[in-house]
Amino acid sequence: MTNLPATETLELALEQGWLTIWFNQPENRNALSDALVAELAAVLTDVRDDRTVRGITLRGRGGVFCAGADLKNFKENFQQSGDRAAIIKMSSGAAEIFDLVNTAPQVVIVLIEGAAMAGGFGLACCADVVICESGARFAMTETAIGVTPAQISPFVIQKLGYATGRRLMLTAARFDGAGAHELGFADYIADDVAGLEAIEMQLRKQVLGTAPGAVAATKQLLGQIAGKPREEVIRLAAENFADRMVSEEAREGVASFFEKRKPNWVVKPEQE
């Protein structure tokens, strides 16, 4: 079992194989400060190869998910110096956290209260499932303040498609949870926190019935085949399937089917 690192900007809760990561800087609306990003990267890296961690939920304390980049830090440490090389290094480094969420072997759920703006919206686009309050607020506000949604842009396109993602990034359009659902950003919406958590608990139940190695292999395959020629997709998919077919998980899964029992990875949530 992986030992979770000590954190100051995050609050961690690991229960029955499910890790909830709370962004815990409500005083700045859980902006993506250097400290928060570093701690989030450390946690996700630590659990990456731990198959006892079956799923991850990201959410924010103080009734808001994430306000995006730490603009005070940008102004004080980058704009005033005008050091282009330092800005490139900072932006390239920020890409790590989006990649870690996007490629996490576990199922990643983002539960959004209040707002997810700019980089916070982009971070949510990296998750597998997004659950939003119907009244939550969203926008990619970068162009409205003269910058670009640079590192989040591929993940926005991945989630929303090219035409919708392009329109929202170029116009800095604002929309609520209902609009987010219509656009395909929010997979589920609810009117209050209890509703959000009920949906999350149902999703946890579904995930805890799946084989963790198979989930990780499926996410790996999906990352490999994007944009590849059809012949290469066939090869990659066949190799992926062969590796899983001879795995211990697959042997257990097939055996449990014929023996009419639950496979040994199924976890029953305590809430049931």
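For the structure given in this document, a descriptive report is provided here.

Conventions and cut-offs
- Residues numbered from 1 in each chain as written.
- Predicted model: local features only at pLDDT ≥ 70, side-chain atom pairs only at ≥ 80, totals over all residues.
- Heavy atoms only, no water.
- Salt bridge = Lys/Arg side-chain N within 4 Å of Asp/Glu carboxyl O.
- Helix = DSSP H or I, 4+ residues; strand = E, 2+ residues; numbered from the N terminus.
- Axes fitted to C-alpha atoms, helices over the stretch in contact; angles between N-to-C directions.
- Left-handed = near helix turned anticlockwise from the far one by under 90°.
- Contact = heavy atoms within 4.5 Å.
- Pairing = 2+ DSSP bridges.
- Phe/Tyr/Trp six-rings, centres within 6.5 Å; stacked < 30°, edge-to-face > 60°.
- Buried < 20%, exposed > 50% of the residue type's maximum accessible area, 1.4 Å probe, protein only.
- Core = buried A, V, L, I, M, F, W, Y, C linked by side-chain atoms within 4.5 Å.
- Right-handed = clockwise from strand over helix to strand, strands pointing away.
- Expected span 1.5 Å × (residues − 1).
- Arc of directions from axis to C-beta.

A complete count under the given rule lists twelve salt bridges for this structure. D187 is the salt-bridge partner of K159, the closest N and O atoms lying 3.1 Å from each other. With K159 in helix α5 (residues 153–160) and D187 in the loop between α7 (177–183) and β9 (188–190), this pair connects stretches of sequence that are 28 residues apart. Taking the shortest distance from any N to any O, the salt bridge between R244 and E249 comes out at 2.4 Å.

This part covers the packing of helix α1 (residues 34–47) against helix α3 (residues 84–102). Close contact between α1 and α3 brings their axes to 10 Å; oriented N to C, the two are set at 35°. When you trace α1 past α3, the crossing you get is left-handed. Between α1 and α3, the residues in contact are V37, L40, A41, L44 and T45 and E96, I97, L100 and V101, respectively.

If you walk across this open sheet you meet the six strands as β1-β2-β3-β4-β6-β9, and the pairing is mixed. The outermost strands of the open sheet, each flanked by one partner alone, are β1 (10–15) and β9. On average, adjacent strands in this sheet sit at an angle of 20° to one another, irrespective of strand direction. Looking at chain direction, β1 and strand β2 (residues 18–23) are connected through six bridges and run antiparallel. Residue pairing for β2: A13 is matched across the bridge by T20.

Applying the stated criterion across every chain, the model contains eight aromatic pairs. Ring geometry for F98 and F155: centres 6.1 Å apart, planes at 35°, overall tilted. Of the two residues, F98 is situated in helix α3 and F155 in helix α5; the sequence distance between them amounts to 57 residues. According to the relative accessible area criterion, F98 is buried, its value standing at 5%. The exposure class assigned to F155 is buried, which follows from its relative accessible area of 9%. The structure contains a cluster of three or more aromatic residues connected by ring pairs, namely F121, F138, F175 and F185.

In this section: the nonpolar core. Ranked by internal contacts, the top residues of the largest apolar core, which has 47 residues, are I21, F23, L58, F65, I112, F138 and F185. Per-element tally for this core: the top contributor is α1, with seven residues. Grouped together as the second largest cluster of nonpolar side chains are 13 residues, V107, I199, L203 and L208 included.

Now for the pairing of strand β4 (residues 107–112). With six of six residues buried, β4 is to be regarded as a mostly interior element. Burial along β4 is two-sided: V107, I109 and L111 and V108, V110 and I112, pointing in opposite directions, are all buried. When strand β3 (residues 55–60) meets β4, the two strands line up parallel, connected through four bridges. Note on β4: the bridge partner recorded for L58 is V110. Here β4 pairs with strand β6 (residues 129–133) via four bridges, running parallel.

Before going further, it helps to spend a moment on unusual backbone geometry. Unlike most non-glycine residues, N30 shows phi in positive territory, near 55°. Inspection of the secondary structure puts N30 in the loop between β2 and α1. Residue N30 is classed as buried on the basis of its relative accessible area of 0%. Not every positive phi belongs to a glycine, and A118 is a case in point at roughly 50°.

So, about the pairing of β3. Where burial is concerned, most of β3 is hidden: six out of the six residues are buried. Alternating positions in β3 separate into two faces, G55, T57 and R59 on one and I56, L58 and G60 on the other, with burial throughout. Of the pairings in the sheet, the one linking β2 to β3 comprises six bridges and is parallel in character. Within β3, the position partnered with W18 by the bridge is G55. Read from β2 through α1 to β3, the crossover connection turns out right-handed.

What the three strands build is an open sheet, ordered β5-β7-β8; its pairing is mixed. Each having just a single partner strand, β5 (115–117) and β8 (174–176) make up the two edges of the open sheet. If you compare each strand with its neighbour and ignore which way they point, the axes differ by 20° on average. Inspection of the sheet shows strand β7 (residues 137–139) paired to β8 by three bridges, in the antiparallel sense.

The subject of this paragraph is helix α8 (residues 193–207). Residues spaced three or four apart along an α-helix face the same direction, because each turn holds 3.6 residues. Relative to the 21 Å expected for 15 residues at 1.5 Å per residue, α8 spans 21 Å between its end C-alpha atoms, a close match to the ideal helical length. Of all the positions in α8, only L196, I199, E200, L203, R204 and V207 are classed as buried. On an axial view of α8, the arc spanned by its buried residues comes to 145°, and they lie on one face. Next to the buried residues of α8 lie β2, β3, β4, β6 and β9.

By themselves, these observations are geometric and do not establish any function.
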